[in-house]
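Here are the chains, one letter per residue:
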Amino acid sequence: MAEDGKHDHLAALREMRGRAVLGGGRKRIEQQHARGKLTARERLALLLDEGSFQEFGALATHNVTEFGLADQRYPGDGLVAGFGKVSGRRVAVFAQDFTVLGGSFSEVQANKICRIQDLALAAGIPLIGLNDSGGARIQEGVRSLAAYGEVFVRNVMASGVIPQISLILGPCAGGAVYSPALTDFVIMSEGSSMFLTGPDVIKAVTGEDVTAQSLGGAEVHMHRSGVAHLAAQSEAAALELVKRLLGYLPQNNNEDPPQVAPYDSPDREDEALNALIPDNENEPYDMRVAIAMIFDRDSFLEIHPDFAPNAVVGFARLDGYSIGIVANQPAYMSGALNIDASDKISRFIRTCDAYNVPVITFVDCPGFLPGTDQEFGGVIRHGAKIIYAYCESTVPKISIVTRKAMGGAYVAMSSKQMRTDLTFAWPTAQVAVMGAEAAVRVLYRDDVKNAPDSAAKERELIAYYREKFFNPYRAADVGQIDEVIEPRETRPRLIRALEVLRTKVQQNPPKKHGLVPS
Ligand code: HXC
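Residues numbered from 1 in each chain as written. Predicted model: local features only at pLDDT ≥ 70, side-chain atom pairs only at ≥ 80, totals over all residues. Heavy atoms only, no water.

*Asks:* Please provide a residue-by-residue account of the overall build of the protein, values included.
*Replies:* Helices and strands together make up the secondary structure of the protein, namely 20 helices and 16 strands. In terms of overall dimensions, the protein has C-alpha extents of about 110 × 55 × 45 Å along its principal axes. A buried classification covers 49% of the 518 residues belonging to the protein. Sequence-distant contacts, at least 24 apart, represent 74% of the contacts inside the protein between residues at least 6 apart. When the accessible area of the protein is evaluated, it comes to approximately 23,900 Å², of which 54% is carbon and sulfur surface. Distance from the positive charge centre (54 side chains) to the negative charge centre (63 side chains) of the protein: 4 Å. (Helix = DSSP H or I, 4+ residues; strand = E, 2+ residues; numbered from the N terminus. Buried < 20%, exposed > 50% of the residue type's maximum accessible area, 1.4 Å probe, protein only. Contact = heavy atoms within 4.5 Å. Areas by Shrake-Rupley, 256 points an atom, 1.4 Å probe, with all protein chains shown as cover. Lys, Arg positive; Asp, Glu negative; His and termini not counted. Charge placed at Lys NZ, Arg CZ, Asp CG, Glu CD.)

Right, dumping it as structure tokens:
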């Protein structure tokens, strides 16, 4: 009450807002800091441009009374949500507040997230979710489970329309993992974890001893499972990654990604590229060195850097434009394709295609990795995803064969038939159905066996095969390679080619949806 006996509306609002800002209270905030974690609001302050945050639902609370929850009603109910700006661009955000009932997911949380999802989709702006939660709020039972479903369906409807980025900054357990998994990018901070069934359940069911970290820490999801696209040592660094990533993406699928003012000469030719491919064709080299020399200085943001390192994918800039890069990595497993690399490549191509980012492919691949592990694991259906993704995509596509383009890998890795717009090759390119030794074994088994000097005959036939096929000129001769270029020319050639392709329009036949191999 104010002094004159009237209710002071402004004071009441201010008091409520003040409480909302404190989440679960000062003690809980201290505990959060003691865990080495920031609060939801501190995280949003790091992510968003200063003063840009407009909050919604700050005063919403649950109305559950069982299990002692009547005494535990906090304004906002463990979720801070609203709109803001990142580098001047509008975004929708939500951040789970672990200081309120462990950030546990409630019906109120879901209503707030769904509201933001709906508005983000309507406005055509990216959605960024900061996850830090003990999962479904146990006291709410099925209400909390159904609430997850409401969020999932919106994740799916928004997929490919607005960029969706999930940060994992604490625990993310049980069904809670599926909203992030349905979004475009998952970024984990050190110490966070994601798993479907926790250590206790695993111990009870399988007898295995695991910890949250050994089961679902950033290390696991970056190296083994491929669930996380990026990871960072600290929360602040994870939030910086979001800003960087957004820079390569449009606001929605009807827009082009933002162009930055060119800062690296479009005519720059790096002489060192001409010496990059080793004389010995079986010697490895790092494809990332080529990428660094060709694209705008320091612009490469590698996605999934540790998962399936035999392939390299990521965003970079060419003359200021956002580009998606797909490459084989001869420095790891000779760049052979396998199940994980197929998943990584196909997913990335589809991401670029959804958001109007041209794809440039660098090919140096001896083929698909042979072996029962791969065949039993379904490398056929996984590898098919690469072909599917290239064929289905309508963004500008350019490929450069730097060295080996053998067999299925030649066809799959952005050959002309995959609706690639322009195909280049370096003079070191080798375009053939298979390696020389294997080819001679198939074609000339009897000739080699019956020759007076079998070994000499084999060497001679191998040399003949190599001379015929281990160059780019046959492929150029039949129009499969558009132009053989000096490696150092790659940057200016790509920039000019993309300038032409920028207005490309291509459409697929109308259909409900295709059946992507999976
Ligand atoms: C209600 C929860 C909670 C939950 C944590 N809390 N998780 N309250 N529902 N799911 C509460 C704790 O009781 C505690 O309250 C406070 O949050 C902080 O949690 P701590 O345990 O003290 O924190 P910490 O030691 O850091 O451990 C965090 C944790 C642990 C690993 C997340 O709390 C935990 O294991 N929680 C349960 C995880 C889980 O099984 N969730 C359900 C998953 S199944 P007090 O007041 O004691 O401090 C699921 C199905 C979804 O999500 C299906 C969708 C399709």
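*Asks:* Describe in detail the state of the cysteines, supporting the description with residues and values.
*Replies:* Considering all chains together, one arrives at zero disulfides under this definition. The cysteine C352 is free of any disulfide, with C391 supplying the nearest cysteine sulfur at 16 Å. C391 sits in the partly exposed class, given a relative accessible area of 27%. (Disulfide = S-S within 2.5 Å.)

*Asks:* Account for helix α9 (residues 218–225), with residues named and values stated.
*Replies:* An α-helix turns once every 3.6 residues. As a result, residues three or four positions apart point the same way. Taken residue by residue, α9 has A218, V220, H221 and M222 as its buried positions. If you follow the buried residues of α9, they end up packed against β6 (185–189), β7 (193–195), α8 (212–216) and β8 (230–232). Once α9 ends, the next one or two residues include G226, with phi positive near 75°.

*Asks:* Explain the environment of K397 to me, using residue names and the numbers behind them.
*Replies:* As for its position among the elements, K397 is in strand β13 (residues 397–406). What K397 contacts, discounting residues up to four positions off in sequence, is V359, Y390, M418, R419, T420, D421, L422 and K504.

*Asks:* Before we move on, could you go through the side chain of T99 and cite the residues and values that matter?
*Replies:* Relative to the helices and strands, T99 resides in the loop between β3 (89–96) and α4 (107–123). For T99, the side chain forms a polar contact with the main-chain nitrogen of G24, separated by 3.0 Å. Within polar-contact distance, the side chain of T99 engages the side chain of D97 at 2.6 Å. Setting aside residues up to four positions removed in sequence, T99 forms contacts with L22, G23, G24, R28, I29 and Q32. (Polar contact = N/O pair within 3.5 Å; in protein donor to acceptor, adjacent residues only side chain to side chain.)

*Asks:* I'd like to hear about the packing of aromatic side chains, residue by residue, with values.
*Replies:* All told, the structure shown has nine aromatic pairs when counted by the stated rule. Within the aromatic cluster, the residues linked to one another by ring pairs are F185, Y248, F315 and F348. Above the plane of the ring of F98 lies K37, whose end atom (NZ or CZ) is 4.0 Å from the centre. The residue whose ring lies beneath R502 is Y321, and the NZ or CZ to ring-centre distance is 3.7 Å. (Phe/Tyr/Trp six-rings, centres within 6.5 Å; stacked < 30°, edge-to-face > 60°. Lys NZ or Arg CZ within 6 Å of the ring centre and 35° of its normal.)

*Asks:* Could you give an account of the pattern of salt bridges, with specific residues and numbers?
*Replies:* Scanning the model with the defined rule gives 28 salt bridges in all. Between D264 and R268 there is a salt bridge, and its shortest N-O distance comes to 2.9 Å. The closest approach of N and O atoms between R488 and E271, which form a salt bridge, is 3.2 Å. Linking R488 in the loop between β16 (483–484) and α20 (490–501) with E271 in the loop between α10 (235–246) and α11 (287–294), this pair joins segments that are 217 residues apart in sequence. What emerges from the salt-bridge pattern is a single network uniting K37, R43, D132 and E235. (Salt bridge = Lys/Arg side-chain N within 4 Å of Asp/Glu carboxyl O.)

*Asks:* Run through the site of the ligand, naming residues and quoting values.
*Replies:* Residues in contact with the ligand amount to 18 residues; listed here are only the nearest, R28, R35, G102, G134 and A136. Here a nitrogen atom of the ligand sits 3.2 Å away from a polar atom, N or O, in the main chain of I138. Bound to the protein, the ligand loses 55% of the 1,000 Å² it would expose on its own. Counting only elements with at least two residues in the shell around the ligand, the list comes to α5 (142–158) and β5 (164–173). Of all the elements, α5 adds the most residues to the shell around the ligand, at three residues. When the residues that make up the shell around the ligand are grouped by side-chain class, the tally is nine nonpolar, six polar and three charged. (Near = heavy atom within 4 Å. Nonpolar A, V, L, I, M, F, W, Y, C, P; charged D, E, K, R; others polar.)

The values are spatial; any link to function lies outside them.
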